[in-house]
Structure formats: C-alpha cells, structure tokens
Amino acid sequence: MDVVITSGPLILRGLLVTLEVSVAVLLLGTLIGIAGGLLLLYGAWPLRLIARVYVDTMRGIPQLVLIFAIFYGFPALGLQISAIVAGILALGVFCGAHVSEVIRGGVGSIPRGQMDAAQGIGLKFAQRLRYVIFPQALGRILPAWVNTAVEVVKASSLVSLVSVVDLMMAIQQIVGRTREALLLYAVAALLYFAINYTISAIGVRLEKRYAYT
Amino acid sequence: MTGKVVVIQGLVKRFGMLEILSGVDLEVAKGEVVVIVGPSGSGKTTLLRCINFIEEYQGGRIHLDGELVGYRESAGGLVRLPDSIVAGMRADVGMVFQSFNLFPHMTALQNVMLGLTRVRKLTPYEAEERATSWLERVGLKDKLRAYPAQLSGGQQQRVAIARAVAMEPKVMLFDETTSALDPELVGEVLGVMEDLAHSGMTMLVVTHEMRFAREVGHRIVFMDKGVIVEQGAPKQIFEQPRSERLKAFLGHFTKTT
C-alpha cells in the first residue's frame with residue numbers, strides 16, 4: 001500500500017492526462033460526429049458519399065494503427081506533432097466516425113412528420129434541428145453516445161504506446177520501479193472503472209431527463 | 001391573379017418514374033373553401049404538400065399571393081430557392097396533417113408559440129397571448145400546459161390547427177385531418193374547421209367527410225389519378241355528377257353511409 005501512497009502524485013498526474021485526452025477526444029469526436037451524422041442524413045450526394053466512406057473506413061481500422069499512422073506519419077510529411085496531439089487527433093477521428101453513426105441513427109429515427117410540421121410553421125433548417133429534431137433525438141442519442149464515451153476512455157490508454165504519460169503509462173513506470181504489478185494494475189483498473197461508472201451514471205440521469213416518447 | 005390566393009398551373013409531380021400529379025390547374029380565391037375529394041392515391045395529399053413546398057414539383061407553377069413557390073424563374077427554367085427563403089413562404093401557408101405531428105417535447109402552448117417567437121419574431125409575451133387566445137378558441141383553455149401525450153387525438157388535432165392558424169397564414173391546408181381519429185372525436189375537429197371557414201379563412205381541405213364537404217365547402221374538386229376530373233359547387237357535384245369516375249366514387253359513400 002505504501003507504494004500507492006508514495007507514487008500518488010505521479011498516478012494523479014497520469015489520471016489528469018487520461019481525463020484531458022478523453023475529454024479532448026470526445027469534444028473533437030462529437031463535433032465531427034454531428035457534422036458527419038447530418039451529412040449522412042441531409043447532405044447532397046457527393047458529401048454524403050464522402051461521409052459514408054469516412055465513417056466506414058475509420059470504424060474498420062484499429063485505433064492503434066491510426067495513432068501510429070499520425071504520430072509517425074505526420075513528421076514524415078513535414079508536420080511536427082506532439083505525441084499527445086497525435087493521440088487526440090487519431091482517437092478523435094475514430095470517435096467522430098462512431099458518433100456520426102450515433103447521430104444518424106438518433107436523428108433519423110425521429111418520424112418524418114416532425115420535420116414536415118417544423119417546415120409547415122416556417123422554421124429554417126437550423127431552427128428545425130435545434131428546436132424540434134435535436135431535443136427529441138437527444139434521448140435516443142445519449143445511450144449510444146455514453147457507450148462511445150466509455151470506449152474512448154478505455155482507448156485513451158493506447159496513447160501510452162507513443163510515450164504519453166497518461167494513467168496507464170504512469171502505472172507502468174511505477175511497476176517498472178517497484179515490481180508491485182498486481183496492486184498497481186488493480187489501482188489503474190479501479191480508476192478507469194470509476195471514470196466510466198461516473199459517465200454511465202450521468203448518462204442514465206440525462207436519458208431520463210430527455211425521454212419524451 | 002387578383003383576388004386569387006393560390007394559383008396552380010399545369011402542376012406535375014413525380015417520385016422517380018412514378019407520376020403522382022399530371023398537370024393540375026386550380027385557383028383558390030380569398031376566403032374560399034375548396035374541398036378536394038377523390039380515391040386514395042389520386043394525388044390529393046401530394047398536391048397540398050407541393051403548395052407549401054414540403055415536396056418539390058417538376059413541372060408547372062404554383063403561385064401564392066402572386067409569388068412563385070419554391071423556385072425563381074431563370075432563362076434555363078426554374079431554379080430552386082434556398083431553404084431560408086422557402087421557409088419564409090411556408091410561414092404564410094398553414095398546414096394541418098393527418099397524424100397531427102405535434103412536437104411531443106413541448107406543451108400545447110409551446111407548440112403554438114414556437115413559430116410565433118422564432119418565425120414571426122413576436123416577444124414571448126405577445127406570443128403567449130396570441131397562442132392562448134387561439135387555444136381558447138379551439139376549446140382547449142384548460143389544456144395549455146398539457147403535453148401531446150396527455151391529450152386525446154381530437155384535442156391534439158385542435159392544438160395542431162391552433163399552431164397553424166396562429167401564424168396568420170394566407171391559406172390553410174387540411175390534409176385528411178380527421179382520418180386518424182376515433183369516430184366520436186371527428187366532430188370536434190370538423191367543428192373547429194367549420195368555425196374557421198365561417199370566419200373567412202381561405203382553406204384547401206382534403207377529406208373523406210362528405211357531409212362536411214357538402215355543407216362547408218364553397219367548391220368541390222374531384223381528383224383521380226393525378227388530375228382534376230371535375231369540379232363545381234357542392235350541390236352540382238353531389239347531385240349531378242357528370243363523369244363516370246365521380247359517379248363511381250360517390251357510389252362508395254352512398255353504399256357505406
């Protein structure tokens with residue numbers, strides 16, 4: 001137990017990096033996902049095709065391949081990029097593909113008549129989405145979005161492989177010094193679980209709040 | 001075109017290879033109540049949906065108060081207008097749907113207020129006042145704060161009518177507004193529509209309620225297979241139908257009712 005206490009600051013710093021990466025990836029992924037989902041539903045066909053190819057490609061590639069491709073590939077193109085930014089970009093692009101499908105599914109499941117009625121009173125496209133479609137779709141999007149968020153937190157541990165000192169890397173460094181593998185990995189597992197349990201719990205509360213039908 | 005609120009000329013609508021409307025000409029004067037009847041699949045609903053441009057059309061012209069709906073003329077033909085301009089035109093056309101289509105996440109009052117605040121740009125206070133007075137007029141004074149799920153079909157449809165008419169449109173379109181209702185709820189909705197007709201609202205009504213058509217309609221239009229087959233005053237249409245198709249259509253109603 002002493003190990004955990006003496007390494008506390010290092011673990012805490014790693015935990016913060018993990019949270020930082022996860023939040024950045026989710027923000028980036030959600031922005032990409034909203035754009036992607038709307039293009040899949042309402043885009044003119046060339047844009048729809050581009051969005052479809054993006055979503056299907058990204059969903060079929062392991063996250064680690066994406067991280068390595070960006071981290072080792074960008075410098076080769078003359079673009080200097082830090083490990084943490086490479087990780088956020090790679091996971092963000094991956095997350096964006098998943099969220100695109102989530103948005104497409106949620107928004108697409110709202111009955112056609114809602115859009116008709118919103119058009120009927122003269123709302124513009126953005127207003128139709130904002131006041132009529134999104135509030136109803138939110139309840140259907142949230143469960144799948146929470147799933148994606150949990151996956152992102154877990155996948156964030158992959159950035160340790162490009163030497164970002166996140167929770168995973170911090171723990172590994174301490175294990176390297178102290179050989180207390182079982183105890184320390186248990187601590188890591190507990191912390192990851194705690195983050196994800198919190199996300200799920202918030203998700204359940206939000207879902208109840210946005211359930212209309 | 002003076003005095004005509006809606007002028008439709010040679011309207012053609014296709015879904016892919018399927019032609020739904022094959023050249024429809026129709027004019028509706030201010031304050032006129034035109035009732036469209038016809039068998040299902042005759043294009044009645046599609047005609048209404050083209051008038052407020054929920055559906056695009058491929059041929060002909062629709063003018064609303066002298067303005068071309070959904071397109072602008074150019075040398076090469078018709079060019080589709082951007083959504084923001086079309087939206088402004090739609091605000092002047094009230095539409096009531098068969099399936100009500102109330103916004104389920106909003107109260108009755110909020111449903112009526114949305115267009116008033118966001119499209120008509122009324123202040124929340126003005127919007128609430130106008131929405132309340134319309135909901136009272138359709139007999140829902142005590143349901144202002146109710147959500148659609150808490151209302152009967154007839155009540156929901158009356159909210160939908162209030163939502164459309166509160167926008168003070170130039171014309172109201174009613175698309176089989178009582179077809180999804182239990183028989184005992186049909187009367188309350190038709191009552192509201194009759195009240196509107198008597199108040200001088202310009203109305204285009206698609207319905208299977210022949211009693212309503214006969215008593216409230218100023219003119220009956222009979223459609224079949226994407227064209228207008230026959231039109232005239234209710235008395236003439238119901239008592240001296242000329243075409244065989246109209247006779248056959250009316251025959252169904254005398255048999256069943």
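Positions within a chain are numbered from 1, following the residues in the order the chain's sequence is written. Whichever chain is written first is A, and whichever ligand is written first is 1; the rest continue in order. Whole-chain, interface and lining totals are the exception, using all residues; otherwise, since this is a predicted model, local features are given only for residues with pLDDT of at least 70 and side-chain atom pairs are given and counted only at 80 or more. Side-chain metrics in this entry use all non-hydrogen atoms of the structure; hydrogen atoms and water are not considered.

(A) Focus on the sheet that holds strand E2 (residues 18-29) of chain B. Residue and element names in this part refer to chain B. Whether two strands pair depends on DSSP finding at least two bridges between them. Under the scheme used here, helices are H or I runs from DSSP no shorter than 4 residues and strands are E runs no shorter than 2 residues, and both carry numbers assigned from the N terminus. As summarised here, the arrangement of the 4 strands in space is E2-E1-E4-E5, forming an open sheet in which the pairing is antiparallel. Two strands lie at the open edges of the sheet, namely E2 and strand E5 (67-68), each paired on one side alone. Note that strand E1 (residues 4-15) and strand E4 (residues 59-64) share 5 bridges and pair antiparallel. When the bridges of E4 are listed, Val 7 appears paired with His 63. Throughout, a residue-residue contact means that at least one pair of heavy atoms, one from each residue, lies within 4.5 Å. Axis angles are defined between N-to-C directions and span 0 to 180 degrees, where every axis is a line fitted to C-alpha atoms and, for a helix, only to the segment in contact. Where helix H1 (residues 44-51) meets the sheet, its contacts fall on E1, E2 and E4, and the angle it forms with E1 comes to roughly 115°.

(B) Representation of unusual backbone geometry in the model. Residue and element names in this part refer to chain B. The backbone of Asn 101 shows a phi angle near 55°, a positive value even though the residue is not glycine. Mapped onto the elements of the fold, Asn 101 is located in the loop between strand E8 (93-96) and helix H3 (108-118). Positive phi values are uncommon outside glycine, yet Lys 225 reaches one of about 50°. Positionally, Lys 225 belongs in the loop between strand E11 (219-224) and strand E12 (227-232). Accessible area is worked out with a 1.4 Å probe on protein chains only. A residue is then buried under 20% of its type maximum, exposed over 50%, and partly exposed in between. Lys 225 sits in the exposed class, given a relative accessible area of 63%.

(C) Representation of the pairing of E4(B). Residues and elements named next belong to chain B. Looking at chain direction, E4 and E5 are connected through 2 bridges and run antiparallel. In the sheet register, Leu 64 faces E5, and the bridge partner there is Glu 67. Linking two consecutive strands that pair antiparallel, namely E4 and E5, is a turn of 2 residues; a positive phi of about 55° is found at Asp 65 within it.

(D) Examining the interface of chain B and chain A more closely. Of the residues lining the interface, 24 residues belong to chain B; the matching set on chain A comes to 21 residues. Overall, the association of chain B and chain A removes approximately 1,900 Å² of surface from exposure, summing both partners, and the carbon and sulfur fraction of that is 60%. For chain B, the biggest contributors to the area lost against chain A are B:Phe103, B:His105 and B:Arg118; these three give 28% of the whole. A salt bridge links A:Arg112 to B:Glu55, with the shortest nitrogen-to-oxygen separation between them at 3.9 Å. Secondary structure elements with two or more residues in the side of chain B that touches chain A: helix H2 (83-90) and H3 of chain B. Looking at the side of chain B that touches chain A residue by residue, the classes come out as 12 nonpolar, 5 polar and 7 charged. Throughout, buried area stands for the accessible area (probe radius 1.4 Å) lost by two parts on being put together, summed over both. Salt bridges are identified by distance alone: a Lys or Arg side-chain nitrogen within 4 Å of an Asp or Glu carboxyl oxygen. Any residue that is not Ala, Val, Leu, Ile, Met, Phe, Trp, Tyr, Cys, Pro, Asp, Glu, Lys or Arg is counted as polar, Gly included; the first ten are nonpolar and the last four charged.

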